[in-house]
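# Coordinates in review
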Amino acid sequence: MAAPRSPPRVRVRAREREGPRAPTAGSDQVHSWTLVTSQALDTAWKVARGSVTLAVAFLVAALCYVRRMHSYLGRRLKWWIGYLQRKFKRNLSVEAEVDLLSYSAREWKGETPRAKLMRKAYEELFWRHHIKCVRQVKRDNYDALRSVLFQIFSQGLSFPSWMKEKDIVKLPEKLLFSQGCNWIQQYSFGPEKYTGSNVFGKLRKCVELLKTQWTEFSGIKDYHKRGSMCNILFSDAILEYKLYEALKFIMLYQVTEVYEQMKTQKVIPGLFRLLFSRETSSDPLSFMMNHLNSVGDTCGLEQIDMFILGHSLEIKIKVFRLFKFNSRDFEVCYPDLPFREWPEISLLTENDRHYHIPVF
């Protein structure tokens, strides 16, 4: 008969009393490799993390440097581009032709009474007077003289008859020595207030330049060549201003000549009688001091000055005064009764101060 088995609980207690079994050799080896591998991976991760952090920091710093350098170089490049453009770009004082109605729509937007009036005036020029384009003229106190001289040169007009008979280069000395006009030393060249005894030399150079340029342009028969030469001349501010001062002096010379004729009881044009009837221009000196010296500096040509300019150059200056649209003064001529053989040029103005050149 078989002996009875001990219950399971008794066997478990017996094992507990025996204690844990000793690990085998294979188990120790596996544990050792696992520990070494874990430590190696941990070390490698720390090294890699440090390297990645350093690389990211370096990359961020490099990007910041590149960004700053790009911004700096961009500013410097922009400055140099602007400098070179200012240095080599022609600063035309008379711009290229633009469509008349497009110019009107751009300059006179809105529905104010003045804007509507100006747009209607430009439409009148376009449809009735067949003016298709306009050339904008630089806005300063020489722009009336600039507008007139540009058209004289671009059209190749010849000298006035009286200039063909006299050497205009000698006119400054003639006023001084022949007519005793020593007050001409107070002549002002635009913003220059006083030049003293040097005024004759400066005036002579200005008049000589005007004679040379006028002779050259009037001798060119090709219209496009004259236009190209005008673009070159009217981008040189120094030469321009000398030409305008020469025109001012021509006006002064004519006023002086007519004044001398008036003193000898000769018949003079009505516009000069009007000029000498004013307190501020009763003689050539007062005309120069109170009016002509300010031209190019603080003011431009007045209407009576336009008459004198047209008479001096023997041209008919037709001016469309847009702000006078729908009135008898919309279209005026300086002088109003010139000789028939005088050539005609046209200007347009929005305010009697600044002028532009219409293109038919």
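Scroll up to find the structure.
This section reports on the structure supplied with the text. The shown structure was predicted, so the numbers you read here are calculated from the model rather than taken from an experiment.

## What about the pattern of salt bridges?
- Using the criterion set out here, one finds 18 salt bridges in the structure.
- Measuring nitrogen to oxygen at the nearest pair gives 3.5 Å for the salt bridge that ties Glu 173 to Arg 204. In this pair, Glu 173 is assigned in helix H7 (residues 171-178) and Arg 204 in helix H8 (residues 199-218), connecting sequence segments 31 residues apart.
- Here Glu 173 falls in the partly exposed class, since its relative accessible area comes to 24%.
- Taking relative accessible area as the criterion, Arg 204 reaches 32% and is therefore assigned partly exposed.
- Here Lys 263 and Glu 260 are joined by a salt bridge, their closest N and O atoms 3.4 Å apart. Here Glu 260 and Lys 263 lie together in helix H10 (residues 237-263), a separation of three residues that amounts to about one turn.
- Relative accessible area serves as the criterion here: at 48%, Lys 263 is assigned to the partly exposed category.
- Residue class for Glu 260 comes out partly exposed when judged on its relative accessible area of 29%.
- Taken together, the shared-partner salt bridges connect Lys 316, Lys 318, Glu 331 and Glu 344 into one network.

## Points about helix H3 (residues 100-107)
- Turning to H3, its buried residues are Leu 100, Tyr 103 and Ser 104. In an axial view of H3, the angular spread of the buried residues amounts to 100°, which keeps them on one side of the axis.
- Buried residues in H3 make contact with strand S1 (94-99), helix H4 (113-127), strand S2 (133-137) and strand S6 (355-359).
- Taking the backbone nitrogen of Leu 101 as reference, a side-chain oxygen 3.3 Å away marks Asp 99 as the first, capping residue of H3.

## Description of the nonpolar core
- The biggest cluster of nonpolar side chains holds 74 residues, and the ones touching the most others in it are Phe 153, Leu 313 and Ile 317.
- Here the element with the most residues in this core is H10; it accounts for twelve residues.
- With residues up to four places along the chain from it excluded, the contact list for Phe 153 reads Leu 210, Gln 213, Trp 214, Phe 217, Arg 226, Cys 230, Leu 233, Phe 234 and Leu 243.
- In terms of nonpolar packing, the next biggest core, distinct from the first, is built from 16 residues, Leu 100, Tyr 122, Leu 125 and Phe 320 among them.

## Section: the packing of aromatic side chains
- Under the defined criterion, the tally for this structure stands at 15 aromatic pairs.
- Centroid distance Tyr 142 to Tyr 244: 5.3 Å. Interplanar angle 35°. Geometry classified as tilted. Here Tyr 142 is found in the loop between S2 and helix H5 (143-155), whereas its partner Tyr 244 is found in helix H10, with 102 residues between them in sequence.
- Using a relative accessible area of 5% as the deciding quantity, one classes Tyr 142 as buried.
- An aromatic cluster of at least three residues, connected via ring pairs, comprises Phe 153, Phe 159, Trp 214 and Phe 217.
- It is Lys 132 that lies over the ring of Phe 126; its NZ or CZ is 4.1 Å from the centre.

## Some points on the packing of H5 against helix H13 (residues 303-313)
- Where H5 contacts H13, the axes come no closer than 12 Å and their chain directions differ by 25°. Classified by the angle their axes make, H5 and H13 are roughly parallel. Judged by the twist between their axes, the crossing of H5 over H13 is right-handed. Between H5 and H13, the residues in contact are Ala 144, Leu 145, Val 148 and Ile 152 and Met 306, Leu 309 and Leu 313, respectively.

Cut-offs used in this document
- Residues numbered from 1 in each chain as written.
- Predicted model: local features only at pLDDT ≥ 70, side-chain atom pairs only at ≥ 80, totals over all residues.
- Heavy atoms only, no water.
- Salt bridge = Lys/Arg side-chain N within 4 Å of Asp/Glu carboxyl O.
- Helix = DSSP H or I, 4+ residues; strand = E, 2+ residues; numbered from the N terminus.
- Buried < 20%, exposed > 50% of the residue type's maximum accessible area, 1.4 Å probe, protein only.
- Arc of directions from axis to C-beta.
- Contact = heavy atoms within 4.5 Å.
- Polar contact = N/O pair within 3.5 Å; in protein donor to acceptor, adjacent residues only side chain to side chain.
- Core = buried A, V, L, I, M, F, W, Y, C linked by side-chain atoms within 4.5 Å.
- Phe/Tyr/Trp six-rings, centres within 6.5 Å; stacked < 30°, edge-to-face > 60°.
- Lys NZ or Arg CZ within 6 Å of the ring centre and 35° of its normal.
- Axes fitted to C-alpha atoms, helices over the stretch in contact; angles between N-to-C directions.
- Parallel < 35°, antiparallel > 145°, perpendicular 65-115°, else oblique.
- Left-handed = near helix turned anticlockwise from the far one by under 90°.

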